[in-house]
Amino acid sequence: MKQSEISKLTVTELQDKLGEYKKTYAELKLQHAISSIEKPIQLRTLRRTVARLYSELTKRELQ
C-alpha cells in the first residue's frame, strides 16, 4: 500500500487496515519460521506498510 493511498483513508479505515496487516504479518512470520515461504520479500513489504499506517495515525493524532 502506497503512501498516497494511505493518506486518503479515514482514521477508522486506517485502524482497520492496520489490524489486518498486523495479523497477516504475524501469520506470515510464523509460516516463515516453520518453513521457508516462497516470497520472503513479502515480510519486508508488510512490515513497511504497517509502519506507514502507524506513521499516518500518529501524524493525524498530532494535528
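Conventions and cut-offs
- Residues numbered from 1 in each chain as written.
- Predicted model: local features only at pLDDT ≥ 70, side-chain atom pairs only at ≥ 80, totals over all residues.
- Heavy atoms only, no water.
- Helix = DSSP H or I, 4+ residues; strand = E, 2+ residues; numbered from the N terminus.
- Buried < 20%, exposed > 50% of the residue type's maximum accessible area, 1.4 Å probe, protein only.
- Contact = heavy atoms within 4.5 Å.
- Areas by Shrake-Rupley, 256 points an atom, 1.4 Å probe, with all protein chains shown as cover.
- Lys, Arg positive; Asp, Glu negative; His and termini not counted.
- Charge placed at Lys NZ, Arg CZ, Asp CG, Glu CD.
- Core = buried A, V, L, I, M, F, W, Y, C linked by side-chain atoms within 4.5 Å.
- Salt bridge = Lys/Arg side-chain N within 4 Å of Asp/Glu carboxyl O.

Trainee: Requested: an account of the overall build of the protein, with residues and values cited.
Mentor: Assigned secondary structure in the protein consists of three helices and zero strands. In the protein, the order of α-helices and β-strands from amino to carboxyl end is α-α-α. Judged by the C-alpha coordinates and their principal axes, the protein covers about 45 × 15 × 15 Å. Burial statistics for the protein: of 63 residues in total, 22% are counted as buried. The contacts of the protein with a sequence gap of at least 6 include a subset with a gap of at least 24, amounting to 63%. For the protein, the accessible surface area stands at approximately 4,800 Å², while carbon and sulfur atoms represent 53% of it. Across the protein, the 13 positively charged side chains and the 8 negatively charged ones have centroids separated by 7 Å.

Trainee: Describe in detail the side chain of T49, supporting the description with residues and values.
Mentor: On the secondary structure map, T49 appears in helix α3 (residues 41–62). Beyond its immediate stretch of four places on either side in the chain, T49 contacts M1 and Y21.

Trainee: How would you summarise the side chain of E56 if you had to cite specific residues and measurements?
Mentor: Within the element layout of this structure, E56 appears in helix α3. Apart from residues no more than four positions distant in its own chain, E56 is found in contact with Q3, I6, S7 and L14.

Trainee: Pulling in residues and values, what's your account of the nonpolar core?
Mentor: Membership of the largest hydrophobic core is limited to seven residues, which are I6, L9, L14, L18, V50, L53 and L57. Of all the secondary-structure elements, those providing two or more residues to this core are α2 (11–34) and α3. No other element matches the three residues that α3 contributes to this core. When near neighbours in sequence (up to four residues on either side) are disregarded, L18 contacts V50, L53, Y54 and L57.

Trainee: Tell me what's going on with the pattern of salt bridges, and back it up with residues and numbers.
Mentor: Enumeration over the complete set of coordinates arrives at two salt bridges. With its nearest N and O atoms 3.8 Å apart, the salt bridge here joins K59 to E56. In this pair, K59 and E56 are both assigned in helix α3, three residues apart and thus about one turn of the helix distant. Accessibility expressed as a relative area gives 43% for K59, which makes it partly exposed. On the accessibility criterion, E56 (4% relative accessible area) is buried. Salt-bridge contacts for E56 lead to R60; the nearest nitrogen and oxygen are separated by 3.0 Å. Of the two residues, E56 and R60 both sit in helix α3, four residues apart, roughly one turn of that helix. The structure contains a network of salt bridges with shared partners spanning E56, K59 and R60.

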